[in-house]
Amino acid sequence: MTTPNTSNAPNTSNAGGTGTGTPPPSPRSPLTASAGRVFDAVPPTALVLLGIVSVQVGAALAKNLFSAAGSFGTVALRLFFAAAVLMLLWRPSPRMNRRAWTVVLGYGAVLGLMNLCFYLALDRIPLGIAVTIEFLGPLGVALAGARRWLDAFWAVLAGGGVVLLMEGRGELDLVGCLFALAAGVCWGLYILLGAALGRHTSEGSGLALGMAVAALMAVPLGVADSGTELLQPWVLAAGLGVALLSSVVPYSLDLEALRRMPPRVFGILMSLEPAVAALIGLVVLRESLYWSQWAAVLCVVVASAGATRASRPAS
């Protein structure tokens, strides 16, 4: 999955100081400070594109891990290692008010469920199609409350993409498509909760705590499903790679990019994610799509970019 990269998410990286009762920023580790200096030298557009490629390569690696660890076990490894790395990087303080903890718990629960649904979809349908269907979630958030005819056009274009995707070929697994759609609903909720997370936590502390909550949800399921298979050294190494590529690297790149570019521009760039997912699926997983499915991906990409570009800038 995507990851949870958020195509139309508000800037949660700097919002921590705006909410009431927000804790002060956690002290940065030397590693985090060094990474910040490296990020400063890279254009924000490049950071977003690198994040997109990273999360989709991570999804391809995860799919290759399913045969050994299963989809539940792969999610468990990803979230466990991602939580561990982010907690070490941000060292969040648990001293928060009740409202902040409520947001963190909700954010983590949605994050965990989104990953579970996406990996269950990825186990059944090609990567490019899974991400395209899942992307309907953030697109729905962008179009929510639309009033203009042009917004209706973007919605119709996205709907046309879905029709093309399902066009009477019979190869697509319906259950997999429903799991991808459920992941998209969670992605939309993730975006909305991300805004609240930014208001009640500082820097990456909310993300780290939310990831820990998601890991607490997923690890018992993964252990119950895969058992000792998860303890094989190569499986653990691959799980760490999935966590870094799918969560730690792209989330960190997105947070840094959002500090330096308007959220609307960020959203337009993130609209490329379904197309990148289809290309990664073709190159890494050898998952070829029909011409109608490539056209469907293009419809969703254009609809997302158009809806994001036409949205009103945040005040």
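Above this note sits the structure.
Residues numbered from 1 in each chain as written. Predicted model: local features only at pLDDT ≥ 70, side-chain atom pairs only at ≥ 80, totals over all residues. Heavy atoms only, no water.

Trainee: Can you explain the overall build of the chain? Please cite residues and give values.
Mentor: When helices and strands are tallied, the chain shows 12 helices and 0 strands. Written out in order from the N terminus, the α and β elements of the chain read α-α-α-α-α-α-α-α-α-α-α-α. Counting every position in the chain, which comprises 315 residues, the buried fraction comes to 55%. Excluding contacts between residues fewer than 6 apart, the proportion of contacts in the chain whose partners are at least 24 apart in sequence is 91%. Accessible surface, the chain as shown: approximately 13,300 Å² in total, 69% of it carbon and sulfur. (Helix = DSSP H or I, 4+ residues; strand = E, 2+ residues; numbered from the N terminus. Buried < 20%, exposed > 50% of the residue type's maximum accessible area, 1.4 Å probe, protein only. Contact = heavy atoms within 4.5 Å. Areas by Shrake-Rupley, 256 points an atom, 1.4 Å probe, with all protein chains shown as cover.)

Trainee: Kindly report on the packing of aromatic side chains, identifying the contributing residues and their values.
Mentor: In total, this model carries 6 aromatic pairs according to the counting rule given. Between Phe118 and Tyr119 the ring centres are 6.0 Å apart and the planes differ by 50 degrees, which places this aromatic pair in the tilted class. Looking at Phe118, the relative accessible area reads 0%, which means it is buried. On the basis of relative accessibility, which here comes to 0%, the residue Tyr119 falls in the buried class. A connected cluster of aromatic rings, assembled from ring pairs, spans Phe66, Phe118 and Tyr119. (Phe/Tyr/Trp six-rings, centres within 6.5 Å; stacked < 30°, edge-to-face > 60°.)

Trainee: Lay out the packing of helix α3 (residues 98-122) against helix α4 (residues 127-134) in plain terms, naming residues and giving numbers.
Mentor: Remark: α3 packs on α4, axes separated minimally by 9 Å, with the N-to-C direction vectors making an angle of 140 degrees. What the angle tells us is that α3 and α4 run oblique. Crossing handedness for the pair α3 and α4: right-handed. Only Leu127, Ala130, Val131 and Glu134 of α4 make contact with α3, whose side of the interface consists of Met114, Phe118 and Leu122. Across the contact of α3 with α4, the residue classes break down as 6 nonpolar, no polar and 1 charged. (Axes fitted to C-alpha atoms, helices over the stretch in contact; angles between N-to-C directions. Parallel < 35°, antiparallel > 145°, perpendicular 65-115°, else oblique. Left-handed = near helix turned anticlockwise from the far one by under 90°. Nonpolar A, V, L, I, M, F, W, Y, C, P; charged D, E, K, R; others polar.)

Trainee: Provide a residue-level description of unusual backbone geometry, including the pertinent values.
Mentor: Peptide bonds are trans in most cases, and residues, glycine excluded, mostly fall at negative phi. Here the phi dihedral of Arg91 falls at roughly 45 degrees; this positive angle occurs in a residue that is not glycine. Note on placement: Arg91 falls in the loop between α2 (44-90) and α3. Since its relative accessible area comes to 48%, Arg91 is described here as partly exposed. The phi dihedral of Arg286 falls on the positive side, at around 60 degrees, and the residue is not glycine.

Trainee: An account of a nonpolar patch on the surface is needed here, citing residue identities and associated values.
Mentor: A surface patch of nonpolar side chains, about 360 Å² in accessible area, is lined by Trp149, Leu150 and Phe153. Among the structural elements, Leu150 can be located in helix α6 (residues 149-165). A relative accessible area of 31% means that Leu150 is categorised as partly exposed. (Patch = residues over 30% accessible without salt bridge, like charges linked within 9 Å, V, L, I, M, F, W, Y side chains within 5 Å. Salt bridge = Lys/Arg side-chain N within 4 Å of Asp/Glu carboxyl O.)

Trainee: An account of the nonpolar core is requested, with residue identities and associated values reported.
Mentor: Residues Val48, Leu111, Phe118, Ile125, Leu127, Tyr190 and Met211 are the most contacted members of the largest nonpolar core, which totals 83 residues. For this core, the element with the highest residue contribution is α2, accounting for 19 residues. By size, the runner-up hydrophobic cluster in this structure holds 6 residues, among which are Leu139, Leu143, Ala158 and Ala307. (Core = buried A, V, L, I, M, F, W, Y, C linked by side-chain atoms within 4.5 Å.)

Trainee: An account of the environment of Leu113 is requested, with residue identities and associated values reported.
Mentor: Among the secondary structure elements, Leu113 is positioned in helix α3. Taking C-alpha positions, Leu113 is 9.0 Å from Ala182, a pair spaced 69 residues apart along the chain. The contacts of Leu113, once residues within four sequence positions are left out, are Cys186 and Met217.

Trainee: Which residues make up the side chain of Ser54, and what values go with them?
Mentor: Position of Ser54 among the secondary structure elements: in helix α2. Here Ser54 is in contact with Leu244, Leu245, Ser246, Val249 and Pro250, once residues within four sequence places are set aside.

Trainee: For the packing of α2 against helix α8 (residues 205-226), give the residues involved together with the corresponding values.
Mentor: Viewed as axis vectors pointing N to C, α2 and α8 meet at an angle of 150 degrees, and their least axial separation amounts to 7 Å. The pairing of α2 with α8 is recorded here as roughly antiparallel in orientation. Crossing angle aside, the handedness with which α2 passes α8 is left-handed. Its residues assigned to classes, the contact of α2 with α8 comprises 21 nonpolar, 5 polar and 1 charged.

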